[in-house]
Amino acid sequence: MTRIAICAPATPIKRKLAQRVTALAAEGYPQLELSFHEQCFVSEGHFAGSDAIRLAALLECANDPGFDAVWFAKGGYGSNRIARAALAGIDEHAARKSYLGYSDCGTLLGALYRAGIGQPAHAPMPVDLKREGGEAAVRRALDWLAGDPSGKEESVGGEPVVAFNLMTLAMLVGTEFMPPLAGHVVMIEEVAEHLYAVDRMMFHVTQHLHGIAGIRLGEVSKVPENDRPFGADAVEIVQDWCARSGIPYLGRAQIGHSADNRIVPFGLVEPAGAA
């Protein structure tokens, strides 16, 4: 039996959603046992509880030797506020776990990767069950937790990789939590940002990514309409900043804030079929 602890480092989820995810796992994944921490349902202002409450839940899940993985329930905003204390409080049991999530939780994934703790992976979260086609996304993560790698982003393999929401990466670079990414393929995606903001963030992050193997672009979705056209789409923006910075643009990746979000395990992953 693989036991999965679920906590919410940023914003809360509804109990009914957790019950639906638990039922889905019970129906199709008898080898998995999901345990939603009560903190997932706490609401305090924007957050799933105070910084102290969210930190305590994360450490309980990470340090409990009875759990094999930690699955982040939802993004939003708030993971960065507890990252330093989380790293300071994690013990040796945390090093043997997988950590799944994306969006704002990319701050924790990056911090864990830098510290060499466990196996971080950009992956669908329980909250994705709310999306159109969201059951497929949640099943992709459950498959991964059950040992089935078929939900992996197809380009992964042969070079070390990471994946981040672009805003999260822009806030992460230059901080104590940013992992060294020389030689990595960096995959990025974004949601609900103007194209001029995507351009601004690419200006910023490419200043910090010299030496990487290249950038792959995932979905850029729900782009707000500006008062005038920007003059370039997301692909053109990323290609432009890659060219300005001498970073190879490697094409697209199937990651993003949708049910099509694929799994990207951080680090070096053997390609499919490798001996």
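Parameters at a glance
- Residues numbered from 1 in each chain as written.
- Predicted model: local features only at pLDDT ≥ 70, side-chain atom pairs only at ≥ 80, totals over all residues.
- Heavy atoms only, no water.
- UniProt positions renumbered as here; feature names shortened; annotations may be inferred.
- Helix = DSSP H or I, 4+ residues; strand = E, 2+ residues; numbered from the N terminus.
- Expected span 1.5 Å × (residues − 1).
- Buried < 20%, exposed > 50% of the residue type's maximum accessible area, 1.4 Å probe, protein only.
- 1 Å grid on protein atoms, 1.4 Å probe; cavity = no way out; pocket = protein on both sides within 12 Å on 5 of 7 lines; lining within 4 Å.
- Points joined across faces, edges and corners; volume = space filled by probe spheres on them.
- Core = buried A, V, L, I, M, F, W, Y, C linked by side-chain atoms within 4.5 Å.

Enquirer: Give a detailed account of the UniProt feature "domain: LD-carboxypeptidase C-terminal" (unreviewed entry) in the protein, specifying residues and quantitative values.
Expert: In the numbering used here, UniProt assigns the feature "domain: LD-carboxypeptidase C-terminal" (unreviewed entry) to residues 164–267. Taken end to end, residues 164–267 has its terminal C-alpha atoms 13 Å apart, with 29% of it in helix and 22% in strand.

Enquirer: Which residues make up helix H2 (residues 51–63), and what are the values?
Expert: Compared with the 18 Å implied by 1.5 Å per residue over 13 residues, the 18 Å span of H2 between its first and last C-alpha is a close match. What H2 keeps buried is the set Arg54, Leu55, Ala57, Leu58, Leu59, Cys61, Ala62 and Asn63.

Enquirer: Hey, could you go over empty space enclosed by the protein for me, with residue numbers and the actual values?
Expert: For the structure on display, the rule yields one cavity of 30 Å³ or more. Examining the composition of the lining of the largest cavity, we find that three residues originate from one element, helix H4 (residues 106–115), more than from any other.

Enquirer: So what's going on with the nonpolar core? Residues and values would help.
Expert: Trp71, Phe72 and Met202 are the most contacted members of the largest nonpolar core, which totals 83 residues. The leading source of residues in this core is H2, at six residues. Grouped together as the second largest cluster of nonpolar side chains are ten residues, Val161, Ala163, Met187 and Ala213 included.

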